[in-house]
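Results of the structural survey
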Amino acid sequence: MQFAFTEEQNELRKLVRNFATAELAPHVLAWDEAQEFPLQAVKRAASLGFLGIIFPEEYGGSGMGYIEYSILIEELARVDPSFALIVAAHNSLCSNHIYLAGSEEQKQRYLPKLATGEWIGCWSLTEPEAGSDAGGTRTQATKTPGGWLLNGAKTFTTNAHYADLCVAMAATDRTASHHGISAFLIERGTPGYRLGKKENKLGMRSSATGEVIFENCALDDAQLLGVQGEGFIDALRILDGGRISIAALSVGIAQGAFEEALKYSKQRKQFGRFISEFQAIQHKLADMATKIEAARLLTLQAAWNKDEGRTVTKQSAMAKLFASEIAVEVCNEALQVHGGYGFIKDYPVEKFYRDVKLMTIGEGTSEIQRMVIARQLLKAQ
């Protein structure tokens, strides 16, 4: 088993780190305070290939794999978790659904625009009464001659208010439960498609999260994505990769918070000594670093298996579960190292602390990850 990154992967890390340091770091606090979507920075990231990193060059992508994708998301999250989330939702969910389930015509039509950043994408599954419980989906797609009529609403959609294309799930056969959900492609400006409330969030505040609403939204047959009735089944495949990106995002947040704690411990003096000289602080730093490395390895293992074409349902759920919970723990300890200053917005650890909680909620809660893992374990017996 290879534990070393290739020269190309190391160069990618350097590229992303330089981008994050120059383009994101000076603006993170201002974007967060204003809840400002960093559109221009997203476009610059697109010019570097970040918005199509896992897609083939024939569709405008960078032709890389999930190890490279994990490096990208980790390095972005190390500086600005909100920005990493924007990129992850665009790649893992909207674009990836088209890549995995779309027809060749749909791939040729949409992926080049998404991969090059000409368009931004969003993915709408969750509703007030339905998320992981797909059987509770209320958004309805009714068949019409030559097309479909959508009615309903989705919530918690990342990138919603800035997306040029929305992939949304709707019930096409309420009697078929999970096999009665289909996916549809809805372009911005389609009559009957509008945006609802933009959420005011605890963290990840420059990543826009909101509602999309369908009111007699007329679509033609070409906007059905994948096989009718298999939208939710496809979504489960897509979430396997999505969990890897959230695990990498968690590792990045934890790494960023740890680095801030390490730096602060070597600057802050108490009782005439730098606090890094106290054993209690040293133990915190050692534990944080060890847990981050374990989470990173679990994430990269899932990414490697994904690149090898293996089923990664169990591995990606394990990575997401462990990395997200460790990230919460590390951010808590990093703030504790800062003491009262960790509660002040002048210090980046305050934002990491707010942002990280989403990691145990997004792409399925920790409880859902445990359920997924348990089912895979029991199925193997």
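Structure first, text after, so check above.
Here is a short report on the structure shown in this document.

Calculation criteria
Residues numbered from 1 in each chain as written. Predicted model: local features only at pLDDT ≥ 70, side-chain atom pairs only at ≥ 80, totals over all residues. Heavy atoms only, no water. Helix = DSSP H or I, 4+ residues; strand = E, 2+ residues; numbered from the N terminus. Rg over C-alpha atoms; globule rule 2.2 N^0.38 Å. Buried < 20%, exposed > 50% of the residue type's maximum accessible area, 1.4 Å probe, protein only. Contact = heavy atoms within 4.5 Å. Areas by Shrake-Rupley, 256 points an atom, 1.4 Å probe, with all protein chains shown as cover. Lys, Arg positive; Asp, Glu negative; His and termini not counted. Charge placed at Lys NZ, Arg CZ, Asp CG, Glu CD. Salt bridge = Lys/Arg side-chain N within 4 Å of Asp/Glu carboxyl O. Pairing = 2+ DSSP bridges.

Description of the overall build of the protein
- A tally of regular secondary structure across the protein gives 11 helices and 10 strands.
- Rg of the C-alpha trace for the protein: 21 Å, near the compact-globule value of 21 Å for 381 residues, within the 12% margin.
- With the C-alpha coordinates of the protein rotated into their principal frame, the extents come out at 80 × 50 × 40 Å.
- In the protein, which comprises 381 residues, the proportion classed as buried is 55%.
- The long-range share in the protein, meaning contacts at least 24 apart out of those at least 6 apart in sequence, stands at 75%.
- A total accessible area of about 16400 Å² is found for the protein, and carbon and sulfur atoms account for 54% of it.
- Where the 40 positive side-chain charges of the protein centre and where its 45 negative ones centre are 5 Å apart.

Brief notes about unusual backbone geometry
- Of note, the phi angle at Asn 159 is positive, near 75 degrees, even though the residue is not glycine.
- Of note, the phi angle at Ser 177 is positive, near 50 degrees, even though the residue is not glycine.
- Along the chain, the position of Ser 177 falls in the loop between β4 (165-171) and β5 (181-187).

Points about the pattern of salt bridges
- In the structure shown here, the tally under the stated rule is 27 salt bridges.
- In this structure, Arg 109 engages Glu 187 in a salt bridge whose closest nitrogen and oxygen atoms are separated by 2.8 Å. Taken as a pair, Arg 109 in helix α6 (residues 104-115) and Glu 187 in strand β5 lie far apart in primary sequence, 78 residues in all.
- It is possible to trace a salt-bridge network through shared partners that takes in Arg 13, Arg 17, Glu 74, Glu 75, Arg 78, Glu 259, Glu 293 and Arg 296.

Looking at the pairing of strand β7 (residues 209-220)
- In the sheet, strand β3 (residues 147-158) pairs with β7 via 9 bridges, with the strands oriented antiparallel. Counted as the bridge partner of Lys 154 is Val 212 from β7.
- As judged from the 4 bridges shared by strand β6 (residues 193-198) and β7, these two strands associate in the antiparallel manner. Looking at β7, one finds that Lys 198 is bridged to Gly 210.

Examining the pairing of strand β2 (residues 140-144)
- Relative to β3, β2 is paired through 5 bridges, and the arrangement is antiparallel. Its bridge partner lying in β3, Thr 142 is registered against Leu 149.
- The turn joining β2 and β3, which pair antiparallel and follow one another in sequence, is formed by 2 residues; a positive phi near 80 degrees is taken by Gly 146.

Purely spatial values, then, with no claim about function.
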